[in-house]
Amino acid sequence: MTSKPSTRFFPNRRTVWAHQEEGSFENLKEAALAAAASGTVASLVTTAALALLATSEGKSVFQPTNATSHWLYGEQAGRVRKLDARHTLLGYGTHHLSSIFWALPFEVWLASGRSKSPATVLRKAALTATLAALVDYGFMPKRLTPGWETVLSRRSVGVTFAAMAIGLAAGGLISRRRQP
């Protein structure tokens, strides 16, 4: 005897994974692939924004990315002004994985909705980036923040999260186009 999903937990009988709807993900693999795409776009856009903002504040283009490696190398990571594997590669890798992490709930949220309009995608991306900023700077221990605040002004950190929203939205629109 097979049992139906409980309507107590799924009152509308709609979940991203259990029901196939137009534009929704059939499984976790599709969601992960979409998140990898939109997270990569978000990572690249935010890294470019960080470099531009650092330059505008008289810092090295590498300092914000290097600062992200502070979870391993401490606060002095943000003072490293040059490109190096130890700080820049680890900092970018950490940031890239974090972007994919935030892209996963964003992509699931997109798939669960009916509207795929660019305005809806941008709104959901902005809310996701806002949540990321609140979690990163409101709830995470200092050692697990992005570290950008050690190099950039608060305004520039805020602009970077806005860039994240734009990157997520662009990636989300790209992943929507790739779906049949």
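These figures come from a predicted structure and were not determined experimentally. Each residue is numbered by its place in its chain's sequence as written, counting from 1. The predicted nature of this model means local features are confined to residues of pLDDT at least 70 and side-chain atom pairs, given and counted, to a pLDDT of 80 or more, with totals for whole chains, interfaces and linings taken over all residues. As a convention, hydrogens and water are excluded, and side-chain values are obtained from all of the structure's heavy atoms.

Peer 1: When you look at the side chain of serine 60 in this model, what are you seeing that I'm missing?
Peer 2: What counts as a helix is a DSSP run of H or I of at least four residues, what counts as a strand is a run of E of at least two, and both are numbered from the N terminus. With respect to the helices and strands, serine 60 occurs in the loop between helix H1 (28–56) and helix H2 (63–67). At 2.5 Å, the side chain of serine 60 forms a polar contact with the backbone oxygen of arginine 81. Contacts: residue pairs with any heavy atoms within 4.5 Å of one another. In contact with serine 60, other than residues within four places in its own chain, are Ala54 and Arg81. Think of a polar contact as two N or O atoms within 3.5 Å of one another; within protein, one of them needs to be a possible hydrogen donor and the other a possible acceptor, and neighboring residues in sequence only count if both atoms come from side chains.

Peer 1: Looking at this structure, I do not really get helix H5 (residues 118–139). What am I missing?
Peer 2: An α-helix turns once per 3.6 residues; consequently, residues spaced three or four apart project the same way. Taking 1.5 Å per residue as the helical rise, H5 with its 22 residues ought to reach 32 Å, and the 30 Å between its terminal C-alpha atoms agrees with that figure. Here's how the labels work: a residue is buried when its accessible area is under 20% of the maximum for its type, exposed when over 50%, partly exposed in between, all with a 1.4 Å probe on protein chains only. If you check which residues of H5 are buried, you get Thr120, Val121, Lys124, Ala125, Thr128, Ala129, Ala132, Ala133, Val135 and Asp136. Given a helix with a known number of residues, its expected span is that number minus one, times 1.5 Å.

Peer 1: Can you help me understand a nonpolar patch on the surface in this one?
Peer 2: Patch criteria: residues need more than 30% relative accessible area and no salt bridge. Like-charged residues are merged within 9 Å; nonpolar side chains of Val, Leu, Ile, Met, Phe, Trp and Tyr are merged within 5 Å. Each accessible area value is a Shrake-Rupley result obtained with a 1.4 Å probe; residue values ignore everything except the protein chains displayed when judging cover. Any Lys or Arg side-chain nitrogen located within 4 Å of an Asp or Glu carboxyl oxygen qualifies as a salt bridge. A contiguous nonpolar patch, built from Trp71, Leu72, Met140 and Leu144 and spanning about 360 Å² of accessible area, is present on the exposed surface. Topologically, leucine 72 is positioned in helix H3 (residues 70–73).

Peer 1: In this structure, what is going on with the nonpolar core? I would like to understand it.
Peer 2: The nonpolar side chains of soluble globular proteins are, as a tendency, buried together. In this text, buried Ala, Val, Leu, Ile, Met, Phe, Trp, Tyr and Cys residues form a nonpolar core when linked through side-chain atoms within 4.5 Å. Among the nonpolar cores identified, the biggest contains 24 residues, and Phe106, Leu152, Phe161, Met164 and Leu168 are the most heavily contacted of them. Within the residue set of this core, elements represented by two or more residues are H1, helix H4 (85–112), H5 and helix H6 (154–178). Once residues within four sequence positions are removed from consideration, leucine 168 is found in contact with Ser38, Ala42, Ala103, Phe106, Ala125 and Thr128.

Peer 1: For this particular structure, what's the right way to read the packing of H1 against H4?
Peer 2: Think of two packed helices as two axes; the pair is described by the angle between the axes and how far apart they sit. Axes here refer to lines fitted to C-alpha atoms; in helices the fit is confined to the stretch in contact. Angles between the N-to-C directions go from 0 to 180 degrees. Their axes nearest at 7 Å, the elements H1 and H4 cross at an angle of 130°. As the angle between them shows, H1 and H4 are arranged oblique. Remark: the crossing between H1 and H4 carries right-handed chirality. Three classes are used, and their members are as follows: Ala, Val, Leu, Ile, Met, Phe, Trp, Tyr, Cys and Pro are nonpolar, Asp, Glu, Lys and Arg are charged, and the others, Gly among them, are polar. Grouping the amino acids of the contact of H1 with H4 by side-chain chemistry returns 13 nonpolar, nine polar and one charged. An angle below 35 degrees is read as roughly parallel, one above 145 as roughly antiparallel, one from 65 to 115 as roughly perpendicular, and any other as oblique. Each crossing gets its hand from how the near helix is turned against the far one by less than a right angle, where anticlockwise is left-handed and clockwise is right-handed.

Peer 1: Even after reading the chapter, I still don't get empty space enclosed by the protein, so can you show me in this structure?
Peer 2: Which parts of space are left empty comes out when a probe the size of a water molecule is rolled across the atoms. For each structure, a 1 Å grid was placed over the protein atoms alone; sets of points admitting a 1.4 Å probe that cannot get out are labelled cavities, open sets with protein on both sides within 12 Å along at least five of seven lines are labelled pockets, and lining residues have an atom within 4 Å of a point. Grid points are joined across faces, edges and corners, and a volume is the space filled by probe spheres set on the points. Taken as a whole, this structure holds one cavity of 30 Å³ or more when the rule is applied. What the largest cavity holds in volume is close to 30 Å³. As for the largest cavity, its lining consists of Thr47, Leu50, Thr65, Thr68, Gly91, Tyr92, His95 and Trp148. Listing elements by their share of the lining of the largest cavity, those giving two or more residues are H1 and H4. The dominant element in the lining of the largest cavity, judged by the number of residues it contributes, is H4, at three residues. For the lining of the largest cavity, the per-class residue count stands at three nonpolar, five polar and no charged.

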